[in-house]
Amino acid sequence: MSPRFALMIVPADVADDRTDFSDTFTAVDPSAPALSVGELSTQRGDGVFESIGVIDGHAQETEPHLQRLAHSAKLCDLPAPNLEQWRQAVERAAGECGPGESVIKLILSRGVEHGPAPTAWATAAGAPDFTAVRRDGIRVVTLDRGYDLGAGERAPWLLLGAKTLSYAVNMAALREARRRGADDAIFVTSDGYVLEAPTASLIIRSGDRFLTPAPSGGILHGTTQLSVYEHLEKQGFDAEYTTLSASDLAKADAAWLVSSVRLAAPITAVDGVPLPTDPDFTASLNDYLLSPR
Ligand code: PLP
């Protein structure tokens, strides 16, 4: 959905310890042009971002999102973001969201070619209605990622653990999934391990154990997965990081794709083969994810 609020941010130095950053924010018309044509975010996808779920004006899991923004910036050799400044930008954008579900995006770009500084902005928009998908689930197909499990650690310049603006590949994978009659995709390494979806993390249930692929395998560490794990551990479940093969997924007792805005979507089929679901458990997961976190 198109943003209903946009805030340009003059990025502060990471060491700037003032308590009020409001004079570094300028609210702009979200439907008017705001970026220079020399922007490297638009020319090369050179920048990092976060999408934060907002429920009734409360931004969910702000701290893990800010920590991941800083981690992505570090992997991309971008100046370290001043987290207090971004925290205040999130609060400001959340204040514009109103009732219901919304999404705040934070963007930190390399800036203008040969320009003095990175460019930064935040937007707020209404979120799509995911009620049905959270209940009825999604069919997924597995798609070759083209890398082996060690690529992330062996080749850090691939930026596999950073949430960069270069999402053209992720969007292409979603289109391929739809061409194959599915709703979403799960990337698989060339050596046969399942990783993540183009915009979500994978969690599977095997008996009373919950398993997710370890972020060291060149995937994004999902804030929703982290939050679900905290919740599961409080309930006494084992929640572990591991390597998962495509056949582990096929044998799962249940599986979900989890992400900040869609929340927990139960997987109903993998490559056309039905997977068991647990509607009551899924409903309780989404109740938790919809509560203030
Ligand atoms: N993996 C990828 C590639 C993503 O793009 C996302 C979110 O967009 C996730 C996982 C899930 O992350 P989060 O739970 O923080 O939304």
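Look above for the structure.
Conventions adopted
- Residues numbered from 1 in each chain as written.
- Predicted model: local features only at pLDDT ≥ 70, side-chain atom pairs only at ≥ 80, totals over all residues.
- Heavy atoms only, no water.
- Helix = DSSP H or I, 4+ residues; strand = E, 2+ residues; numbered from the N terminus.
- Rg over C-alpha atoms; globule rule 2.2 N^0.38 Å.
- Buried < 20%, exposed > 50% of the residue type's maximum accessible area, 1.4 Å probe, protein only.
- Contact = heavy atoms within 4.5 Å.
- Pairing = 2+ DSSP bridges.
- Near = heavy atom within 4 Å.
- Polar contact = N/O pair within 3.5 Å; in protein donor to acceptor, adjacent residues only side chain to side chain.
- Areas by Shrake-Rupley, 256 points an atom, 1.4 Å probe, with all protein chains shown as cover.
- Core = buried A, V, L, I, M, F, W, Y, C linked by side-chain atoms within 4.5 Å.
- Phe/Tyr/Trp six-rings, centres within 6.5 Å; stacked < 30°, edge-to-face > 60°.

**Notes on the overall build of the protein**
- For the protein, the count of helices and strands is nine helices and 17 strands.
- Expected size for 293 residues packed as a compact globule is a radius of gyration near 19 Å; at 19 Å, the protein falls within 12% of this value.
- The principal-axis extent of the C-alpha atoms belonging to the protein is close to 55 × 40 × 35 Å.
- A burial count over the protein gives 51% of its 293 residues as buried.
- For the protein, restricting intrachain contacts to residue pairs at least 6 apart in sequence, the fraction spanning at least 24 positions comes to 71%.

**Considering the sheet that holds strand β4 (residues 58-59)**
- Ordered in space as β2-β1-β6-β5-β3-β4, the six strands form an open sheet in which the pairing is antiparallel. Each of the sheet's edge strands pairs with one partner strand only, and the pair in question is β2 (25-28) and β4.
- Both strand β1 (residues 5-9) and strand β6 (residues 119-126) contribute to a ladder of five bridges, which runs antiparallel. Looking at the pairing, Met8 lines up with Trp121 of β6.

**Overview of the site of the ligand**
- Near the ligand there are 17 residues, and of these Lys163, Tyr167, Thr223, Thr224 and Ser260 occur at the shortest range.
- Lys163 is positioned such that a nitrogen or oxygen atom in its side chain is 2.8 Å from an oxygen atom of the ligand.
- Glu196 is positioned such that a nitrogen or oxygen atom in its side chain is 2.8 Å from a nitrogen atom of the ligand.
- Within the complex, 94% of the 390 Å² of free accessible area of the ligand lies under protein.

**Digging into the nonpolar core**
- Core analysis: the biggest nonpolar cluster contains 29 residues, and Ile9, Trp86, Val90, Ile104, Leu106 and Leu108 have the highest contact counts within it.
- At the level of elements, β1, β3 (47-55), α2 (62-75), α3 (83-94), β5 (101-109) and β6 are the ones that each hand at least two residues to this core.
- Counting residues per element, this core draws most heavily on α3, which supplies six residues.
- Excluding residues within four positions of it along the chain, Ile9 makes contact with Thr24, Phe25, Gln85, Trp86, Ala89, Ala120, Trp121 and Ala122.
- With 19 residues, the next largest nonpolar core counts Ile186, Leu202, Leu244 and Leu249 among its residues.

**A short note on the packing of aromatic side chains**
- For the structure on display, the rule yields seven aromatic pairs.
- Relative to Tyr167, the ring of Phe49 lies with its centre 5.1 Å away and its plane at 80 degrees, an arrangement referred to as edge-to-face. Separated by 118 residues along the polypeptide, Phe49 in strand β3 and Tyr167 in the loop between α5 (151-154) and α6 (168-179) bring together distant segments of the chain.
- Residue class for Tyr167 comes out buried when judged on its relative accessible area of 16%.
- Ring pairs connect the aromatic residues Phe210, Phe237, Trp256 and Phe281, which therefore count as one cluster.

No statement about biological role is implied by the geometric values presented.
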